[in-house]
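Breakdown of the fold
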Number of protein chains: 2
Amino acid sequence: MTGNKSALKNATNLKFLAEHLGLSQTTVSRALNGFPEVNYKTRQLVQAAAQKFNYQPNARAKRLATGRSMAIGHLVSVSKGHEIVNPIFADFIAGASARYIESGYDLLLSLVPDEKELSAYNDLAARDAVDGVIIHTPKEDDKRLKRLNELNLPFVVHGRSTKSNEVYNWVDVNNESAFFRATEFLIDLGHRSIALVNGMADLDFAIRRTKGYERALSKHQIDAVSDYILYGEMTEPYGYRSTIALLDRPIPPTAIIASSILVANGVRRGIEERGLKMGHDISILSHDDDLSYFRDESDVPVYSATRSSVRVAGYKSADLLIKTIEDPTRQREGILIEADLMIGTSTKPAKS
Amino acid sequence: MTGNKSALKNATNLKFLAEHLGLSQTTVSRALNGFPEVNYKTRQLVQAAAQKFNYQPNARAKRLATGRSMAIGHLVSVSKGHEIVNPIFADFIAGASARYIESGYDLLLSLVPDEKELSAYNDLAARDAVDGVIIHTPKEDDKRLKRLNELNLPFVVHGRSTKSNEVYNWVDVNNESAFFRATEFLIDLGHRSIALVNGMADLDFAIRRTKGYERALSKHQIDAVSDYILYGEMTEPYGYRSTIALLDRPIPPTAIIASSILVANGVRRGIEERGLKMGHDISILSHDDDLSYFRDESDVPVYSATRSSVRVAGYKSADLLIKTIEDPTRQREGILIEADLMIGTSTKPAKS
DNA sequence: AAGTACTTTCAAAGCGCTTTGGATATCTCT
DNA sequence: AGAGATATCCAAAGCGCTTTGAAAGTACTT
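Our subject in this report is the structure included herewith. Since we're looking at a predicted model, the values are computed, not measured. (Residues numbered from 1 in each chain as written. Chains lettered and ligands numbered in written order. Predicted model: local features only at pLDDT ≥ 70, side-chain atom pairs only at ≥ 80, totals over all residues. Heavy atoms only, no water.)

1. Quick word on the protein's contact with DNA strand D
Close to DNA strand D lie 30 residues, the nearest being Thr26 and Thr42 of chain A together with Leu14, Ser29 and Arg30 of chain B. In DNA strand D, atoms within 4 Å of the protein come from the sugar-phosphate backbone in 63% of cases. With respect to DNA strand D, the side chain of Thr27 of chain A contributes an N or O atom lying 2.9 Å from a phosphate oxygen. One nitrogen or oxygen atom from the main chain of Leu14 of chain B is found 2.4 Å from a phosphate oxygen belonging to DNA strand D. (Near = heavy atom within 4 Å. Polar contact = N/O pair within 3.5 Å; in protein donor to acceptor, adjacent residues only side chain to side chain.)

Here it is in structure tokens:
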């Protein structure tokens, strides 16, 4: 028994349509797919009939016949123990999905345990289930790039892998310059003790952020206190805990840079729990991925922030990937997005 | 030209394997798929060869041959203007994906504009691209259920559609009882002016939450002040704005119930901006979806909350859907999850 | 020894589309 | 009017798998 159920659901296949019209499947197929060698009148008839019967080519058959999956894979790796799905991911996906829809691609999502990540790509390639993939949160030297190049599977990295020797497509925010400007902005406000509550230490973007931060300090001849840089999973509680720890230092910072809005929320909680007031007693500056569920439409934003829409990054990544899939010989490309520096109420001049 | 590229990527197909082994495709296929009518020795040989050549059946061909897509669709509708991807979604997906992987299903994600939502399901069914779908954030009388039943496409609703007459699978938190208990808990603490910062008014869960809230008030002979119930998209800024508005009322509430942790964050910001202290001057109780990126491992939670893991709900939804797909005659089922009431530091007895 | 029942294997059909390589009809031009 | 071009359509092959229906080989009975 094959396809009985599907036959029930969708009795209108190409064969039926062709017979109904008294035409060959070839002609019907071509008429619907816009081939030139079909008579105008015929095409009209075919289209009308297709409309009438709500005909849509069976996706499975089409994929087999064309040898293309018309699907893009997004693998998200989750570690055993702390199974965190990056909240930023939802917005990125939203942007990417919009682009996929324009070109008729499906978005395939899969969460895989950390240790199976590489083999998951192998499987995907062997099954030939997707035409390309997006790589999320790359490490500084990410093994996935090499693997995907070996598998000859088109991909785009959201972010970069600085120490990788591979040739690859990427879409990234200029983290280094964003955090350089953020830090310098705080220095200009008179702050000298500036902490950085960063993401996980092995992630490429976190390393770049540290680099920008340190470059600003060194430009202004401020000694970087290594204690002031914290690394961790970017959750709200992490921001909170980090802040409490920072405020307990002999010399507490007068300004804190947070790596995401969620972390900033935690930082704020820590500050307020200590009876301090954000902006007045201590400044907060955050990186803001412009997440839809955090977005504030008020004139003056709450947090001063380096802002860049992760949704836009998603759209651009998808766009780049589709271009690569449709022309594999295409030169690999990197797209660098500059973040805006938005001044809100959370940063004030340092008390002297 | 068909499948050239894919041939490059994966030269090892069934035909090659069969020829290499000197067996028919039938036997090889059966050996790998665990059919009983194949000799033990033969099966060993086949499996060894498959391993050696890293053979994985081509997903496209398999799907066409079996008439099954081995994919589950998740359609998320986004409204023009405020394109919000529910952050809860990420965690739900994580739970569902785990279940899909167990049974070899792919997860197909698609964001569709509000107005195209219904037709998107038609397309999905006509293309026969998925074996089933999950319905997110249902309205009180959701049109999608009827449509999907007409299309004969298996589905599970995350939540319920109280006023719908359709027969359907669902997985839902007991919102009514959760919010009843939450409200009663606050009443027991002496609060009489309790506000509810709810989700969008047309969503089923929001209506149930209001119901639970009102039932508790009425049980304790407290007049429900309609002004105290607010409806809106559950973002942080919404929580903030609502709180500011509530505090400006002639009789400001002494306790606020928030519909999600994000909203609670906003509520807290509003409270603190007014120089009040959470817990001391005003109590906050939230519904907590136990989102991974908000989870706090500390002994005493910050927010008192009705807690229920949305990730678990995702897993259960997926499980129910797969069962329905594999046995379409299966009785439709509803799974009701009770939320826990966790007492944190954000609720204190009302000042008298 | 011949009939019956398994066990094990296979050739071929089929899933529903796209694409190749004609075939037929219609025009155009000399 | 006939050759060559052009427009329009079609039969059949192919995508890589699963599944059907049969055949061949083995073992067991009587």
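And the narrative resumes.
2. Observations regarding the nonpolar core
Membership of the largest hydrophobic core comes to 148 residues, with the highest contact counts inside it found for Tyr100, Tyr213 and Phe294 of chain A together with Tyr100, Tyr213 and Phe294 of chain B. For Phe294 of chain B, the residues in contact, after removing those within four places along its chain, are Glu236, Pro237, Leu262 and Phe294 of chain A together with Ile261, Leu262 and Asn265 of chain B. Of all hydrophobic cores here, the second largest spans 42 residues; its members include Ala125, Ala129, Leu153 and Tyr168 of chain B. (Core = buried A, V, L, I, M, F, W, Y, C linked by side-chain atoms within 4.5 Å. Buried < 20%, exposed > 50% of the residue type's maximum accessible area, 1.4 Å probe, protein only. Contact = heavy atoms within 4.5 Å.)

3. Some details on helix H4 (residues 40–52) of chain A
Residues and elements named next belong to chain A. The terminal C-alpha atoms of H4 lie 18 Å apart, and with 13 residues this matches the ideal 18 Å at 1.5 Å per residue to within 8%. Among all positions in H4, only Thr42, Arg43, Val46, Ala49 and Ala50 are buried. Taken end-on, H4 shows its buried residues confined to a sector of 130°, consistent with a single buried face. Summarising the geometry of H4, the exposed residues directed more than 90 degrees from the buried face are Tyr40, Lys41, Leu45, Gln51 and Lys52. Contact partners of the buried residues in H4: helix H2 (14–21) and helix H3 (25–32). Between the side-chain oxygen of the N-cap and the backbone nitrogen of Lys41 there are 2.8 Å, and the N-cap of H4 in question is Asn39. At the exit of H4 stands Asn54, carrying a positive phi of roughly 50°. (Helix = DSSP H or I, 4+ residues; strand = E, 2+ residues; numbered from the N terminus. Expected span 1.5 Å × (residues − 1). Arc of directions from axis to C-beta.)

4. Quick word on the relation of the copies chain B and chain A
Under the fitted operation, chain B is carried onto chain A by 0.0 Å of movement along the axis and a turn of 180°, and the coordinates agree to an RMSD of 0.1 Å. Both chain copies can therefore be described as sitting about a two-fold axis. When C-alpha distances to the rotation axis are compared across chain B, the minimum falls at Leu108 of chain B, with a value of 2.4 Å. Both copies share a contact surface, since 100% of the interface residues of chain B are interface residues in chain A too. (Least-squares fit on C-alpha atoms with pLDDT ≥ 70 in both.)

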